[in-house]
Every structure is written in structure tokens, then in C-alpha cells.
Amino acid sequence: MPKGSGTVTALCRPDNDIIELDITKKALAVGGTNMADKNLIVYYSMLGNTMAVAKEIEKQTSFTAQRIEEYKVRKRGNLIGNAMGAFLGFRSKIRPMDFLISDYNNILLGAQVWAGKTTPAMNTYLRKASFKGKKVWLFITKADEKIPQGIIDSMTDRIEKKGGKVIDSISITAGFDPKVETVISQEEISAAVHEWLVKNGFLS
Ligand SMILES: Cc1cc2nc3c(=O)[nH]c(=O)nc-3n(C[C@H](O)[C@H](O)[C@H](O)COP(=O)(O)O)c2cc1C
């Protein structure tokens with residue numbers, strides 16, 4: 001079974017609706033939380049889709065959310081430049097974070113796919129953050145409908161090499177049109193996010 005499996009794929013653009021939910025795998029056995037656990041949402045988002053998922057998780061759980069921010073000012077129109085940085089595995093300078101993950105047991109980490117890879121900001125975060133002893137849940141947005149298994153595996157590898165444990169992931173198809181500024185709405189993803197949070201013991 002691939003790493004970080006138990007993935008829920010939700011195709012959430014208005015014309016697709018939610019067409020696939022696969023929630024049968026291992027998270028119920030090894031995931032879940034208890035009352036003493038402290039949970040932190042951490043995410044990077046350039047276009048706003050991953051932020052919409054983070055905000056929906058925040059809305060449903062009241063967990064604290066922390067956005068990863070770069071010093072670099074990116075232009076959404078610079079598709080080739082942005083994609084190339086990700087494709088080549090670059091890291092970018094990120095701003096200091098307000099919340100230390102050492103204060104939390106569970107990290108819900110939000111990323112996206114750029115050129116089939118993680119973004120430079122996420123590469124830096126994965127390099128810098130101390131995941132020792134943390135349980136991590138991944139939420140990933142992308143344009144392709146297929147599950148971004150390469151990203152899930154690569155993030156899982158990097159987190160687990162640092163002593164964390166990836167419990168489960170959800171991937172959400174949010175689309176991408178470089179010419180149109182559209183962001184997935186929280187309403188579109190609310191049901192899929194809720195189902196994933198219940199499955200993983202964050203909500204009853
Ligand atoms: C530079 C760039 C490259 C992208 N490459 C891919 C890709 O290879 N595969 C894919 O499914 N989506 C790709 N996308 C779409 C994004 O993954 C999708 O829009 C995601 O929701 C963006 O996250 P954000 O809105 O939080 O920034 C790309 C988007 C950008 C801006």
C-alpha cells in the first residue's frame with residue numbers, strides 16, 4: 001500500500017461535484033486524536049485554494065491555523081518561473097512562524113502540486129520543521145484529478161525521516177487557470193473536509 005494512503009479524493013469544482021470518496025483505509029486504526037492532543041493547521045497557498053481548505057478545517061475544528069509565507073513576491077502569471085523552481089526542488093526563504101510546532105502533537109499540513117512537485121516554500125518548511133514525535137495529516141490541492149501520490153510519498157518520506165508519522169491525507173481537485181483568478185469556495189469542500197475530519201477522529 002502506498003505511503004500516506006487512506007486518501008480521500010474529492011473533485012470539488014462545481015461541474016464535477018464530489019465524485020470519489022475512499023475512506024476505508026488505515027487512519028481509523030492508527031490515527032485519531034484524544035482530548036489532550038493539541039492540533040495545528042500549517043499551510044502554504046499562493047492562489048488561495050489550499051488556504052480555503054485550511055480555513056474550512058479551521059472553521060469546523062477551531063484549530064489554530066498558521067500560513068507559511070515567503071519573502072519572495074510571486075506573480076501568478078509567472079507560471080514557468082514558479083513551476084521551474086518547484087520542478088528543480090528549490091527552496092525559498094520563508095518568514096518566521098508565529099506558532100512553534102513543538103507546542104503541538106498533531107499537524108495538519110496543507111500543500112499543493114506545482115509541476116508535479118512540492119513548492120519551494122513547502123520544501124523549506126519540510127526541511128526546517130522538527131517533526132519528531134508528531135502525527136501529521138496532509139491536505140493537498142491540485143488541478144489534475146488523479147491522486148497526487150508522488151507528492152504524498154515525497155512529503156511522507158521527508159516528514160518520517162525527521163521522526164514524524166504521516167497518518168492520512170486528503171487531496172482536493174481545485175483546478176487552475178492561469179488567466180482567471182478563481183479560488184475554490186469553502187462551501188464546495190465543506191462536506192469532503194468534514195468527512196475526512198470525522199474519519200480521522202478530529203470531529204465526532
Ligand atoms: C506554477 C504552478 C504549477 C502547477 N502545476 C500543477 C501540476 O503539475 N499538477 C496539478 O495537478 N496542478 C498543478 N497546479 C495547480 C495547483 O496545484 C492548484 O491550483 C492548487 O490548488 C494551487 O494551490 P494554492 O491555490 O493554495 O496556491 C499548478 C499551479 C501553479 C501555480
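Just so it is clear, the model here is predicted, and its values are computed rather than measured.

### Quick word on the overall build of the chain
So, step 1. A tally of helices and strands in the chain yields six helices and six strands.
So, step 2. Taken from N to C terminus, the helices and strands of the chain fall in the order β-α-β-α-β-α-β-α-β-α-β-α.
So, step 3. Among the 204 residues that make up the chain, the fraction classed as buried is 43%.

### Observations regarding the environment of G48
So, step 1. By secondary structure assignment, the location of G48 is in the loop between β2 (39–44) and α2 (49–61).
So, step 2. Judged by the 16 C-beta atoms lying within 10 Å of it, G48 is partly exposed.
So, step 3. Distance in space between the C-alpha atoms of G48 and I184 is 7.7 Å, their sequence separation being 136 residues.

### Topic: unusual backbone geometry
So, step 1. Of note, the phi angle at S62 is positive, near 65 degrees, even though the residue is not glycine.
So, step 2. Of note, S62 is situated in the loop between α2 and β3 (64–68).
So, step 3. A residue is classified by how many C-beta atoms lie within 10 Å of it, and S62, with 9 of them, is exposed.
So, step 4. Its identity as a non-glycine residue notwithstanding, A115 has a phi of 50 degrees, on the positive side.
So, step 5. As for its placement among the helices and strands, A115 is situated in the loop between β4 (106–112) and α4 (120–128).
So, step 6. Residue A115 is classed as partly exposed on the basis of its 15 C-beta neighbours within 10 Å.

### Overview of helix α5 (residues 149–161)
So, step 1. Across its 13 residues, α5 extends 18 Å between first and last C-alpha, which sits within 8% of the 18 Å expected from 1.5 Å per residue.
So, step 2. Where α5 is concerned, the buried positions are I151, I152, S154, M155, T156 and I159.
So, step 3. On the buried face of α5, the contacting elements are β4, α4, β5 (135–142) and β6 (165–173).
So, step 4. In the segment just after α5, G163 is the residue with positive phi, at about 90 degrees.

### A few points about the site of the ligand
So, step 1. Taken together, 21 residues are adjacent to the ligand, and S45, L47, N49, T50 and T141 come closest.
So, step 2. Looking at the shell around the ligand, the elements that each hand over two or more residues are α2, α3 (79–87) and β5.
So, step 3. Looking at the shell around the ligand residue by residue, the class counts come to 11 nonpolar, eight polar and two charged.

### Some points on the pairing of β5
Every other side chain in a regular strand lies on the same face of the sheet, so the side chains alternate between the two faces.
So, step 1. The element β5 is largely enclosed, with a buried count of eight among its eight residues.
So, step 2. Relative to β5, β4 runs parallel, the two being bridged by seven bridges. For G110, the partnering residue across the bridge sits in β5 and is F139.
So, step 3. Between β4 and its parallel partner β5, the chain crosses via α4, and the hand of that crossover is right-handed.

### A short note on the pairing of β2
So, step 1. Taking burial as the measure, the six residues of β2 include five buried ones, the bulk of the element.
So, step 2. Bridge count for β2 against β4 is five bridges, and the pairing is parallel. Following the sheet pairing, V42 is matched in β4 by L109.
So, step 3. Strand direction decides the pairing type here: β2 and β3, joined by five bridges, are parallel. Within β3, the residue paired with I41 across the bridge is A65.
So, step 4. In the classification by handedness, the crossover that spans β2, the intervening α2 and the parallel β3 is right-handed.

### Points about the packing of α2 against helix α6 (residues 186–199)
So, step 1. Relative orientation of the contacting elements α2 and α6 amounts to 60 degrees, with a least axis distance of 9 Å. By the angle between their directions, the pair α2 and α6 is classed as oblique. Relative to α6, α2 is oriented so that their crossing is right-handed. In this structure, α2 uses A52, V53, K55, E56, I57, Q60 and T61 to contact α6, whose residues at the interface are Q186, I189, S190, V193, H194 and L197.
So, step 2. Among the residues forming the contact of α2 with α6, the class breakdown is six nonpolar, five polar and two charged.

How each quantity is defined
- Residues numbered from 1 in each chain as written.
- Predicted model: local features only at pLDDT ≥ 70, side-chain atom pairs only at ≥ 80, totals over all residues.
- Helix = DSSP H or I, 4+ residues; strand = E, 2+ residues; numbered from the N terminus.
- Buried ≥ 20, exposed ≤ 12 C-beta atoms within 10 Å, placed from the backbone.
- Expected span 1.5 Å × (residues − 1).
- Contact = placed C-beta atoms within 7 Å.
- Near = placed C-beta within 6 Å.
- Nonpolar A, V, L, I, M, F, W, Y, C, P; charged D, E, K, R; others polar.
- Pairing = 2+ DSSP bridges.
- Right-handed = clockwise from strand over helix to strand, strands pointing away.
- Axes fitted to C-alpha atoms, helices over the stretch in contact; angles between N-to-C directions.
- Parallel < 35°, antiparallel > 145°, perpendicular 65-115°, else oblique.
- Left-handed = near helix turned anticlockwise from the far one by under 90°.

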